[in-house]
Amino acid sequence: MLQAKNKTGLVFFPAFDWAISPTHPEREERLLYTQDQVFEEGLLDIDGIVEFKPDLVTIKDVQRVHFCLPDPWAVMTESHFISAGGAKTIGMAVMEGKVDRGFALVRPPGHHANRVVHGARGFCNVNIEAIMIEYLRRAYGVDRIAIVDTDCHHGDGTQDIYWHDPDTLFISIHQDGRTLYPGSGFLNEIGGPNAVGATINIPLPPHTSDEGILYTIKEVVMPILADFKPELIINSAGQDNHYSDPITNMNFSARGYAELTRMLQADIAVLEGGYSIEGALPYVNTGIILAMAGLDFHNLAEPNYDPERYRQNLSTTNYIEQTGMRVLKAWQERLKLKKLIREEPECGQRTRRIYYDTDNIYETQSETVRICDDCGGALRIESASDSKGSILAVHIPRKACKACKEQAYQWYESAEHSQFKQIFLQDRPEDNFLEKKKNA
Amino acid sequence: MIIGLDVGGTHTDAVLISHSGIEKEVKVPTDEGHLFETVLSGIEAVTAGVDPKGIRRAVLSTTLAANIVVQQKLPPVGMIVAGGPGLDPAEFRVGDHYVVVKGALDHRGREIEALAEDQVEAAIEGFKKGGVRFVGVATKFSVHNPDHEKRMAEILAPHFERVFLGHQLSGNLNFPRRIATTYLNAAVYPIHRDFFEAVKKSLAQKGLDVPLRILKPDGGNMSFDSSFDDPAQTILSGPSASVMGALAYAPRSGATLVLDIGGTTTDMAVLIDGVPLLAPQGIEIGPFKTLIRALQTHSIGVGGDSTIHLEDGRLTVGPDRTGRAMVYGGSAPTPTDAFCVLGLINGGDRDRSVQGLTPIAQKLGLSLENAAVAIFDQACRQIMAGAKEMMARINSKPVYTVHELWEGSEIKPRHMMVLGAPAPQFAEKLRTMFDGNVTVVPHWHVANALGCALARTTSEVTLFADTAEQVAVAAGEHFSRDIPTDFNLENAQELALQLLRDKALRRGANPEHLELEVTEAYQFNMIRGFHTIGKNIRVRAQIKPGLIEGYDPVGGKLRREDL
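Cut-offs and rules
Just so you know, the residues in each chain are numbered from 1, in the order the chain's sequence is written. Just so you know, chain letters begin at A and ligand numbers begin at 1, following the order they were written in. The predicted origin of the model limits local features to residues at a pLDDT of at least 70 and limits the giving and counting of side-chain atom pairs to 80 or more, whereas totals for whole chains, interfaces and linings rest on all residues. For every domain, the bounds stem from an assignment made automatically or drawn from a database. We call two residues in contact when the distance between their C-beta atoms, placed using the backbone, is within 7 Å. Side-chain classes follow a simple rule in which Ala, Val, Leu, Ile, Met, Phe, Trp, Tyr, Cys and Pro form the nonpolar group, Asp, Glu, Lys and Arg form the charged group, and the remainder, Gly included, forms the polar group. Geometry is summarised by axes, namely lines fitted to C-alpha atoms with helices restricted to the contacting stretch, and by angles between N-to-C directions that run from 0 to 180 degrees. Secondary structure elements are defined from DSSP: runs of H or I of at least 4 residues count as helices, runs of E of at least 2 residues count as strands, and each element is numbered from the N terminus. Rotating anticlockwise by less than a right angle from the far helix to the near helix defines a left-handed crossing, while the corresponding clockwise rotation defines a right-handed one. The term nonpolar core refers to a group of buried residues, namely Ala, Val, Leu, Ile, Met, Phe, Trp, Tyr and Cys, whose C-beta atoms join them within 7 Å. Counting other C-beta atoms within 10 Å of its own, a residue is labelled buried from 20 upward, exposed at 12 or fewer, and partly exposed in the gap between, with every C-beta atom placed from the backbone. A pair of strands is treated as paired once DSSP finds two or more bridges between them. Multiplying 1.5 Å by the helix residue count minus one yields the expected span of that helix. In this analysis the local bend is the angle between axes fitted, respectively, to the seven residues ending at and the seven residues starting at the residue. Seen with its strands pointing away from the viewer, a crossover is right-handed when the path leading from the first strand over the helix to the second is clockwise. Throughout this description, any angle smaller than 35 degrees is read as roughly parallel, any larger than 145 degrees as roughly antiparallel, any in the 65 to 115 degree range as roughly perpendicular, and the remainder as oblique. Across the chain, each position has a pLDDT score giving the predictor's confidence in that residue, from 0 to 100.

J.: Any chance you could explain the domain arrangement of chain B here in plain terms?
T.: How big an interface is tends to be expressed through the accessible area that disappears when the partners come together. Residue and element names in this part refer to chain B. Examined at the domain level, chain B breaks down into domain 1 (2-70 + 191-243), domain 2 (77-184), domain 3 (250-440) and domain 4 (459-543). Taking only C-alpha atoms into account, the centre of domain 1 sits 34 Å from that of domain 4. With 5 residues of domain 1 at the interface, the matching set in domain 4 holds 4 residues. In terms of residue class, the side of domain 1 that touches domain 4 is made up of 1 nonpolar, 3 polar and 1 charged.

Here it is in structure tokens:
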């Protein structure tokens, strides 16, 4: 009889009746063959693998992370409440000791969703990992968390949300942004002035295979995790590094994904992208489940998989090793880098244009963070989109110091509706979300 | 007239129902070692003095197959499996003659590795040496493409008495369960065949040459002939007999909890709008998880003869049973003894019950009567806790569409039906603990046998259609057909219902009263690149478990000329 070595929770929610549009990669069919494979392998019958029904997230859960414009109902469908809810269910099961580890095999994904949400970008509306994480922090008092994003696309939404948070280590491994959406995630993106080094990007060249990705996990990610000592490790488990993925250019295999999962030992994995719905997802998901449960996966392989055909060349290997060294160096020198960044004038400010490819929206954002050594820093974001006008979003971080709280309230209270269409305050210490009334 | 007979662990119950209601009801002791004699004596007793010409059929539920599985008395069976990549099929070994061969299909049923026919042939000799007469074959994804299983069966058929093919036993996806199910069918087959042929012969000799039907764990029956194709479908039919017995009197709407309180256990099930809820997968028995369709039931070790324990001042009932209640000569006190002390049952030796309960009463510092009440309360509390646990399990069943998750509401039973020997006593107490109606099922002591007699023939069909591959497969029905590219969900539903009708008739259903329904119908556009290459369609249809047409539940009588 098969017996899982780690009691593993699974939320499987394929949303068989939800699609962005009929021919969109994020459509009803996406997890159909994964379901067939998982059911046919009998994974849910294995002693120690437990399936949970997803909960729904609440508006409060969403507003703990996001500023949705004009409100959460406008940017979320039922399916988003369920997929974020599925992640939350797994997180709760892990925190309450019902399972040792868990995997939320849900859709739609979330890692391209920023703190401010005007609509969908990169097939994502709300950030399902962040919603889960902030719930777990609130409910169970977890503090230090590491997110390892192994989707082929840079997890720019998650990066945006945790850019100023020194207690959340965000590591994204992805295909080089010069060759793939969203075109970000370069080595020099290392976090805001209050959280320098807590964001780590490891761009890998196209055609990286098992060897390169597993090298990066083993030699770069694992030592950094050991240094950071998180209480929880979350894996944003995108599956589009697979050699058969139609919209990326990497050469990772199902067994490679299983091996990655075994090395990483994440407490919680959440499905992100991955659109080779027949050639990759059934096998990758099976591999991740087996690896999380501590079961043998040596017999797992895609039909006709030939490792020789997807082997990376020497120059790719060299390039990856150099990238890894630079990442490690930056991590080790993060205090020095922080000092340098702080010396730059207006280091607490940035202005960006953000494109929502899925909903075709242009957002212009200017952000100011209070430079602070005691907390993540009060944050104000002015955001305007071509469709919705300008808003002010003020964020008080979870462990805000007194000065940052005062600064944030001053921003919020002094803002006027003549200037902003909507004015919000996300008060994390009080777990409150406020929108300023027009006649107040 | 119809005979219904249900073999239980302690008693075998039989009823004879006619146009004027229940003609006869009997209870005979079950002799596990001599089931054949038990069944015959039950039938003899219930038909004594009745003209056999008026009897139209006999429906039997026996513990035959379950016993040989639980007692591990299965004959040698040869199993040949092919899995390809994934979990190692060696993990799912069953029996002593288990051979894994090369050959693989992918999740859409496309061949990714040819079947190693030579490896199948090579297995024959070893099987024969091991005394194997019956074999099973199962491959991964055979319900999407049964070719490999069929080819294996062709190779093996000349050498063995019978070959069971995994894809013909269930349309559900689950390779390990398919292996176990195929194995159990092959293993149970010879015993099932010998037993029922002997029963049929003996009945014929007594002038009772009536069609036999056999109850299944899904609350439906199948004909004698078709049972040889699915002999494992006779395993664990007992709980469904009771549920079907309650069904006749169940409310037509809302959720109802059915409790069958026996000597050793309480078996629970749920009816939704008068239809029993089916388990999501299949029965589990001994080490085997199967694809054998069954009602969702939950069993706890609390019954009239459960042993009472008192530890550190805490009273608990069961889950063990030492024997009969003390009142009837047993050695340990039971809830039945508590009933006796409270004057809720007559007969037996009350002094022995008093003797059994006295030390408990003393330790609890209660009067004898109050101790009996405490025992009774505790037994009922445990039953309620079991019911709560089952409802939690049912309500946490995962769903896979936004619609189901969003619209699905929690099932909360508002009605409770109790049957089994101590039903009236328990119902009285449960009424004070349950938020809703509590009723005792009429004929509670033989309602299970009545359930056998009245259950209709059930069947289910699963159809996969792939318009890119241009093929529709209902593996369980030996059906595979080329389809045009414009084949759609509606066509698939029609086809599934047609296949279901054929299957139901083969199993002995009444063609005039087929209650066919589609339970699942999905259609997925298959997009490759930016083009729709076809549709992937899945349809499931069933005859839901229920009572035969022509039974009048109000009068409790049959009202059909041909019955």
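So much for the structure itself; the text now carries on.
J.: I keep staring at the packing of helix α1 (residues 35-47) of chain B against helix α5 (residues 175-205) of chain B and nothing clicks. Help me out?
T.: The angle between the axes and the distance between the axes are what describe a pair of packed helices. Residues and elements named next belong to chain B. Running from N to C, α1 and α5 cross one another at 35°; their axes reach a closest spacing of 11 Å. As for the relative orientation of α1 and α5, their crossing is right-handed in sense. Residue-level contacts link Phe-36, Val-39, Leu-40 and Ile-43 of α1 to Phe-195, Ala-198, Val-199, Ser-202 and Leu-203 of α5.

J.: Looking at this structure, how should I read the domain arrangement of chain A?
T.: All names here are of chain A. For chain A, the assigned domains read domain 1 (3-334) and domain 2 (348-435). Spacing between the C-alpha centres of domain 1 and domain 2 amounts to 27 Å. Contact residues are listed per partner, giving 23 residues for domain 1 and 28 residues for domain 2. Here the residues of the side of domain 1 that touches domain 2 are counted per class, giving 10 nonpolar, 8 polar and 5 charged.

J.: What exactly am I supposed to notice about the nonpolar core here?
T.: Proteins that are soluble and globular tend to have nonpolar side chains buried together. Residue and element names in this part refer to chain B. One finds Ile-3, Ile-80, Val-135, Val-418, Ala-453 and Leu-463 to be the most contacted residues of the largest nonpolar core, which totals 163 residues. With 12 residues, the single largest contributor to this core is α5. The contact partners of Val-135, leaving out residues within four places of it in the chain, are Val-77, Gly-78, Ile-80, Phe-127, Leu-156, Phe-160, Val-163 and Ala-186.

J.: How do you make sense of the sheet that holds strand β10 (residues 162-165) of chain B when you look at a structure like this?
T.: To summarise the sheet geometry, strands pair through backbone hydrogen bonds and adopt either a parallel or an antiparallel arrangement. All names here are of chain B. If you walk across this open sheet you meet the 4 strands as β6-β5-β9-β10, and the pairing is parallel. Of all strands in the sheet, those bounded by a partner on one side alone are β6 (97-100) and β10. Taking the axes of each pair of neighbouring strands and ignoring which way they run, one obtains an average angle of 20° across the sheet. Its contacts with the sheet place helix α4 (residues 147-156) against β5 (77-82), β9 (134-139) and β10, and it is angled at close to 155° to β9.

J.: Sorry, what's going on with α5 of chain B here?
T.: Given 3.6 residues per helical turn, the α-helix brings residues three or four places apart onto the same face. All names here are of chain B. End to end, α5 covers 44 Å across 31 residues, agreeing with the expected 45 Å (1.5 Å per residue, within 8%). Of all the bends in α5, the greatest reaches close to 40° and is centred on Tyr-189; the proline Pro-190 follows between one and four positions later. One or two steps after α5, the chain reaches Gly-207, where phi turns positive at roughly 85°.

J.: Looking at this structure, how should I read the interface of chain A and chain B?
T.: Contact with chain A, which involves 35 residues of that partner, is made by 33 residues of chain B. Looking at the side of chain A that touches chain B, the elements that each hand over two or more residues are β1 (3-13), α1 (32-40), α4 (78-95) and α9 (281-292) of chain A. The dominant element in the side of chain A that touches chain B, judged by the number of residues it contributes, is α1 of chain A, at 6 residues. Its residues assigned to classes, the side of chain A that touches chain B shows 17 nonpolar, 7 polar and 11 charged.

J.: Please clarify how the pairing of strand β7 (residues 168-175) of chain A should be interpreted in this entry.
T.: Regular strands place their side chains on alternate faces of the sheet. Residues and elements named next belong to chain A. Burial analysis of β7 places 8 of its 8 residues in the buried class, the great majority of the element. With 5 bridges connecting them, strand β6 (residues 145-149) and β7 associate as parallel partners. Among the inter-strand pairings, Ala-146 is bridged to a residue of β7, identified as Leu-169. As for the winding sense of the linkage, the β-α-β connection from β6 through helix α6 (residues 156-162) to β7 is right-handed.

J.: Please clarify how the sheet that holds β6 of chain A should be interpreted in this entry.
T.: All names here are of chain A. Taken together, the 8 strands give an open sheet; going across it, the order is β2-β1-β4-β10-β9-β6-β7-β8, and neighbouring strands pair in parallel fashion. At either end of the open sheet lies a strand with only one pairing partner, and these are β2 (47-52) and β8 (199-204). Within this sheet the neighbouring strands show an average axis-to-axis angle of 15°, counted without direction. Strand contacts of α9: β1, β4 (101-106), β9 (232-237) and β10 (268-271), with the helix running at about 165° to β4, the strand carrying the most contacts.

J.: Before we go on, may I ask you to explain the packing of α1 of chain A against α9 of chain A in this structure?
T.: All names here are of chain A. Orientation of α1 relative to α9, taken along the N-to-C sense of each, is 45°, at an axis distance of 8 Å. The angle between the axes of α1 and α9 places the two elements in the oblique class. As α1 packs across α9, the resulting crossing turns out to be right-handed. Here Tyr-33, Thr-34, Asp-36, Gln-37 and Val-38 of α1 lie close against α9, whose contacting residues are Leu-281, Pro-282, Asn-285, Thr-286 and Ile-289. Among the residues forming the contact of α1 with α9, the class breakdown is 5 nonpolar, 4 polar and 1 charged.

J.: Would you mind showing me how to read the environment of Ser-21 of chain A here?
T.: Take Ser-21 of chain A: it is sitting in the loop between β1 and α1. Sequence separation between Ser-21 of chain A and Asn-251 of chain A is 230 residues, and the spatial gap between their C-alpha atoms is 28 Å.

J.: Would you explain the confidence of the model for chain B in this entry?
T.: Any segment with low pLDDT has predicted coordinates that should not be analysed in fine detail. Residues of chain B with pLDDT of at least 70 account for 100%, and the chain-wide mean is 92. On the interface metric, ipTM, the complex scores 0.92, and its pTM is 0.93.

J.: Can you walk me through unusual backbone geometry in this structure?
T.: Negative phi is the rule for most residues except glycine; trans is the rule for most peptide bonds. Residue and element names in this part refer to chain A. Of note, the amide linkage connecting Arg-107 to Pro-108 takes the cis form, showing an omega dihedral of 0°. Structurally, the position occupied by Pro-108 is in the loop between β4 and β5 (116-117). One non-glycine residue, Gln-265, lies in positive phi territory at about 50°. By secondary structure assignment, the location of Gln-265 is in the loop between α8 (254-264) and β10. With 15 C-beta atoms packed within 10 Å, Gln-265 lands in the partly exposed category. Of note, Glu-346 is a non-glycine position whose phi angle comes to about 55°, a positive value. Tracing the backbone shows Glu-346 in the loop between α11 (334-343) and β11 (349-356). Residue class for Glu-346 comes out exposed when judged on the 7 C-beta atoms lying within 10 Å of it.

J.: What is the right way to look at the pairing of strand β20 (residues 314-317) of chain B in this model?
T.: All names here are of chain B. Of the strand pairs in this sheet, strand β19 (residues 308-311) and β20 are connected by 4 bridges, and their pairing is antiparallel. Bridge pairing in β20 places His-309 opposite Thr-316. Here β19 hands over to β20 after 2 residues, with Asp-312 in that stretch at a positive phi of 50°.

J.: Can you walk me through helix α5 (residues 128-140) of chain A in this structure?
T.: Residue and element names in this part refer to chain A. With 13 residues, α5 extends 18 Å from end C-alpha to end C-alpha; this agrees with the ideal 18 Å at 1.5 Å per step. Buried within α5 are the following residues: Ile-128, Glu-129, Ala-130, Ile-131, Met-132, Ile-133, Glu-134, Tyr-135, Leu-136 and Arg-137. Tucked inside the fold, the buried residues of α5 contact α2 (59-63), α4, β6, α6, β9 and β10. Remark: Gly-141 follows α5 within two positions and exhibits a positive phi of approximately 70°.

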